[in-house]
Amino acid sequence: MPLARRPVLRPCPVPLHRIAAAAALAGAQLGASAQQATATDAATAAEPGKLPTVTVTAERRYENIRDVPNSVSTIGAELLDTINTGGQDLRGISGRVPSLNIESSFGRAFPRFYIRGYGNTDFRLNASQPVSLIYDDVVQENPILKGFPAFDLARIEVLRGPQGTLFGRNTPAGVVKFESVRPTRKFEGYGSLAVGSFRTINAEGALNVPTGPDSALRVSLLNQTRKDWVHNTNPTGLTQDFEGYRDSAGRVQWLFAPHKDFEALANVHARDLNGSARLFRANIIQPGTNDLVAGFDERSVTNDGKNEQTLTNVGANLRLRWGLGGDLSLHSITGYEHVKAYSRGDIDGGTPGPIPFSSETADGMPKHRQITQEFRVESSYPGPLNWQGGLYVFHEDYKVESFSFDTPNGSAQDGYQRVRQKNDAYAVFGAVNYAVTPELKLRGGIRYTRDEKQFDVEDYSNSGFAACVGPTLGILPPPIRCTFADLLAAEGPGGSLSASPRDSKVNWDLSGTYALSKALNLYARVATGFRASSVQGASAFNFKSVASPETNTSYEAGVKADLLDGRARVNFGVFYYNVKDLQFTAVGGAANANILLNAKKATGQGFELDGQAYLTENLLATLGVGYNDTKIKDPNLEVAGCGSVPACTMTDPTGPNGGRLVDGNPLPQAPKTTVNLTLRYGQPIGAGEWYVLTDWVYRSKINFFIYESVEFTGKPLTEGGLRLGYLWGNGKYEAAAYVRNITNQIRVVGGIDFNNLTGFINEPRTYGVQLKAAF
């Protein structure tokens, strides 16, 4: 059976402003940057003045988003293109849907995801996260893999709450799901070039070529570059300029579909990144406040160390589908990922102000391999009952190297550690859908997971200390150690630097929808989630630590409605979740440690609102609101407070061991409120259309760490963008000018708390122009 043809571009009676607006919302159409072709398809799919249907795969099937008994949001094509134009990485989609936060202390290489305030602030390269990122149906488990750029995408879906019965692994908080544009049987493509401030250049394009009556090839490329724009005022600093990068990525897909009962989609992708690591700035926080110091200049620092970051990532996957007859199909998804990374930075931030001790470190991943395999059988019966079930296998093996440097003596290496972690897991899963009546539909799923890790310290040395000393209080600095033997001896008689946790868990979910009308559905869902044990190695500052598994039970209910005869859409839901044995990473502090621990419990509750509407014939608006009230509930949980000089202002009570009791605190990096808003106004003029698009995202204050302090509480952040453009040639050509962070609001978005009042900031205002063409 030949591949299905997509509609060709031709004169369309639908006004251009409706075409472009529909394309922005067509999350399930061929989008991301091929908006011109997408626009025609989307407008054809929706009547003039009405919103197009949004199709998602949150339940591993193509479904109208209104029929999914789950809290799901999509990020559309036009907004993705707007973000990419300015050279932004994945952090640019933070807050673009309710309750999604993304941040990083590594920069472009290592984003950390949070859904409903639930995530992990661990900066180590073997950290696990409760939010899973799935790219083209393959889980990206290691945090370094999660930064692969978003380009030439059909859609991004954000699934909130546990998703473990159907997706991969480690999904107790939710899933962020990327799906590339698939090859089609049509010669087509697009190209985009944007040039902006700081000599930012964003070049992106795709070429789709039929390779036969039953096959097609699609090649997608992205190259983002920016010149260094922060100058080092220290003439002897090893790195003189910062914040530049070259981030290149490509993807080649080949689709073969000879008949309706077989399809093969092969995917090879790669990324190469070279640029600045996260830039730490010493003493930029005014003591006793969370304000930037007077006279702060984001375009200069005074560092004495070296800053660099490199990453190469190569991967491939093969997705197969066989029709088995009798309305059954077999799906196979095979994935392979390999990444090498190295990141080095001046952690103490340099001067001005007091620097109690120098800290320059690096982390690298010289070896990494991830292999995944899934087999899934799915039914498509015409009757009320359908089901799917399968087997999932995961293998990962990698080494992490950590370095420390003696900055005052020319940044000579004075510390080294190499660890190796192997992770093998398998799962069996199944789900049943049953239509009790045409209005009432139920779904239940179950999954059994077995997870095994092997962690070993292979080498260690540290010559930066005069002597090795004995242990002190448990949460205060443990023994300073100099050699591998010292580390081993500190673990006590019979101790080991290795760890091999073995975990197994059964998770389940139950959900349902009830249609009050063809345009109005109620839904409810209860689900459980699981994250396996995590391991952190011993070092000069902390003993080996192992966090036991965490489990999450989530409850949610809501309404999904198409309103005003299809001119508006609103999804609203409330939720509550309870995480037992929540895995925390106590980062930095007076001990300058990185220690894994379990909190007895943490809870989150709140609501999410997601809406789109035509306010007038030419004006399209979208609004998203998330409210997340999170709390740590463990009266005995004590962590080290900050060790900065000048001292930060702690607000938590002191515990029996001299640390800080954090019971009742919100989860770190968990804003209570997130809001996103877009407005697009289009005005046809002659054979084209002028348009203006503005997008805004707001998040309330956040804690950087588990404890609370005045200085390390991030202020509320509001960032807005503006885009003015002209479409012509039936939407095939576009020229636009843009501004990002239009108010130039600068905030401290993260900190280093063991040395001084060091912080790092969001991007300043940028602007530029873009030209796109499709064929």
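From a predicted model like this one, the values you see are computed outputs, not experimental measurements. (Residues numbered from 1 in each chain as written. Predicted model: local features only at pLDDT ≥ 70, side-chain atom pairs only at ≥ 80, totals over all residues. Heavy atoms only, no water.)

Participant: Where do I start with the packing of aromatic side chains in this structure?
Facilitator: A ring pair, where both rings are aromatic, is described by two values, the distance of the centres and the angle of the planes. All chains considered together, the criterion is met by 24 aromatic pairs. Ring plane angle 55° and centroid distance 6.4 Å describe the contact between Tyr426 and Tyr448, whose orientation is recorded as tilted. Remark: Tyr448 occurs in strand S23 (residues 440-462) and Tyr426 occurs in strand S22 (residues 412-435); sequence separation between them is 22 residues. Since its relative accessible area comes to 41%, Tyr426 is described here as partly exposed. Summarising the aromatic geometry, the rings of Phe705 and Tyr707 are spaced 5.5 Å apart at their centres and angled 20° between planes, so their arrangement reads as stacked. Neither Phe705 nor Tyr707 differs from the other in exposure class; each is buried. Connected via pairs of aromatic rings, a cluster forms that spans Tyr135, Phe148, Phe151 and Phe178. The aromatic ring of Tyr245 is capped on one face by Arg108, whose charged end is 3.9 Å from the ring centroid. Seen from the ring of Phe405, Arg344 lies directly overhead, with NZ or CZ sitting 3.6 Å from the centre. (Phe/Tyr/Trp six-rings, centres within 6.5 Å; stacked < 30°, edge-to-face > 60°. Helix = DSSP H or I, 4+ residues; strand = E, 2+ residues; numbered from the N terminus. Buried < 20%, exposed > 50% of the residue type's maximum accessible area, 1.4 Å probe, protein only. Lys NZ or Arg CZ within 6 Å of the ring centre and 35° of its normal.)

Participant: Looking at this model, I keep getting lost on empty space enclosed by the protein. Mind explaining?
Facilitator: Rolling a probe over the atoms, with the probe sized like a water molecule, indicates the empty space that remains. Each pocket or cavity is described by its volume, and for the largest cavity that value is around 850 Å³. If you go around the largest cavity, you meet 45 residues; those closest to its centre are Gln88, Arg91, Glu719, Asn762 and Glu763. Taken together, the elements giving at least two residues each to the lining of the largest cavity come down to strand S4 (100-103), strand S35 (688-699) and strand S38 (717-728). (1 Å grid on protein atoms, 1.4 Å probe; cavity = no way out; pocket = protein on both sides within 12 Å on 5 of 7 lines; lining within 4 Å. Points joined across faces, edges and corners; volume = space filled by probe spheres on them.)

Participant: Even after reading the chapter, I still don't get the nonpolar core, so can you show me in this structure?
Facilitator: Ile156, Phe178, Phe584 and Phe712 are the most contacted members of the largest nonpolar core, which totals 56 residues. Those elements that provide at least two residues to this core are helix H3 (77-85), S4, strand S5 (112-115), strand S6 (131-135), strand S8 (153-160), strand S9 (174-180), strand S29 (568-588) and strand S30 (593-614). Here the element with the most residues in this core is S29; it accounts for six residues. Setting aside its immediate chain neighbours within four residues, Ile156 contacts Ser73, Thr74, Ile75, Leu80, Ile93, Ala150, Val176, Lys177 and Phe178. Val400, Phe455, Val457 and Leu497 belong to the second largest nonpolar core, which has 21 residues in total. (Core = buried A, V, L, I, M, F, W, Y, C linked by side-chain atoms within 4.5 Å. Contact = heavy atoms within 4.5 Å.)

Participant: Explain the pattern of salt bridges to me, please; I cannot follow it from the model alone.
Facilitator: Side chains that differ in sign of charge can pair as their charged atoms come close. Tallied over the entire structure, the rule returns 52 salt bridges. Shared partners join several salt bridges into a network, and the residues in it are Arg60, Arg61, Glu374, Arg376 and Glu378. (Salt bridge = Lys/Arg side-chain N within 4 Å of Asp/Glu carboxyl O.)

Participant: In this structure, what is going on with the confidence of the model for the chain? I would like to understand it.
Facilitator: Low-pLDDT portions of the prediction should not be read for the details of their coordinates. In this model, the chain carries an average pLDDT of 89, and 90% of its residues clear a pLDDT of 70 or more. Contacts of residues 23-45 to residues separated by more than four positions or lying in other chains number 74 contacts, the stretch itself having pLDDT below 50. Between residues 465-481, whose pLDDT stays under 50, and residues either more than four places distant or in other chains, the model counts 46 contacts. (pLDDT = per-residue confidence, 0-100.)

Participant: How should H3 be read in this particular structure?
Facilitator: An α-helical segment advances 3.6 residues per turn. Residues three or four places apart therefore align on the same side. Among the nine residues in H3, nine count as buried, and that is most of the element. Restricting attention to buried positions, one finds in H3 the residues Ala77, Glu78, Leu79, Leu80, Asp81, Thr82, Ile83, Asn84 and Thr85. The positive-phi residue at the C-terminal boundary of H3 is Gly87, with phi of around 80°.

Participant: Could you clarify how one ought to interpret the sheet that holds strand S17 (residues 300-301) in this entry?
Facilitator: Within a sheet, adjacent strands bond to each other through the backbone by hydrogen bonds, running parallel or antiparallel. One open sheet accounts for three strands, arranged S14-S13-S17; its pairing is mixed. If you trace the sheet from one side to the other, it starts and ends with strand S14 (241-242) and S17, each paired once. (Pairing = 2+ DSSP bridges.)

Participant: When you look at the environment of Pro646 in this model, what are you seeing that I'm missing?
Facilitator: Looking at where Pro646 falls in the secondary structure, it is placed in the loop between strand S32 (638-639) and strand S33 (660-661). When the C-alpha positions of Pro646 and Gly288 are compared, they lie 9.6 Å apart, and in sequence the two are 358 residues distant.

Participant: Explain the pairing of S38 here, please?
Facilitator: Where a strand is regular, its side chains alternate between the two sheet faces. Bridging between S35 and S38 involves eleven bridges; their strand directions are antiparallel. Among the inter-strand pairings, Glu689 is bridged to a residue of S38, identified as Leu727. As paired strands, S38 and strand S39 (residues 733-740) are joined by eight bridges and run antiparallel to one another. Along S39, the bridge assignment pairs Leu722 with Val739. Counted between consecutive antiparallel strands, the loop separating S38 from S39 contains four residues, among which Gly729 sits at a positive phi close to 65°.

Participant: Would you mind going over the pairing of strand S18 (residues 308-325) with me for this structure?
Facilitator: When strand S16 (residues 262-275) meets S18, the two strands line up antiparallel, connected through 14 bridges. Bridge pairing in S18 places Gly275 opposite Gln309. Looking at chain direction, S18 and strand S19 (residues 328-346) are connected through 17 bridges and run antiparallel. Paired with Leu311 across the bridge in S19 is Ala341. Between S18 and S19, which follow one another and run antiparallel, lie two residues, and Gly326 among them has a positive phi close to 65°.

Participant: Just checking my understanding: could you explain the sheet that holds S6 for this structure?
Facilitator: Reading across the sheet, the five strands line up as S3-S8-S9-S6-S7 and stay open at both edges, with mixed pairing between neighbours. Sheet topology places strand S3 (72-75) and strand S7 (138-139) at the edges, where each strand pairs with a single neighbour. Of the strand pairs in this sheet, S6 and S9 are connected by five bridges, and their pairing is parallel. Looking across to S9, one finds that Ser132 is bridged to Val175.

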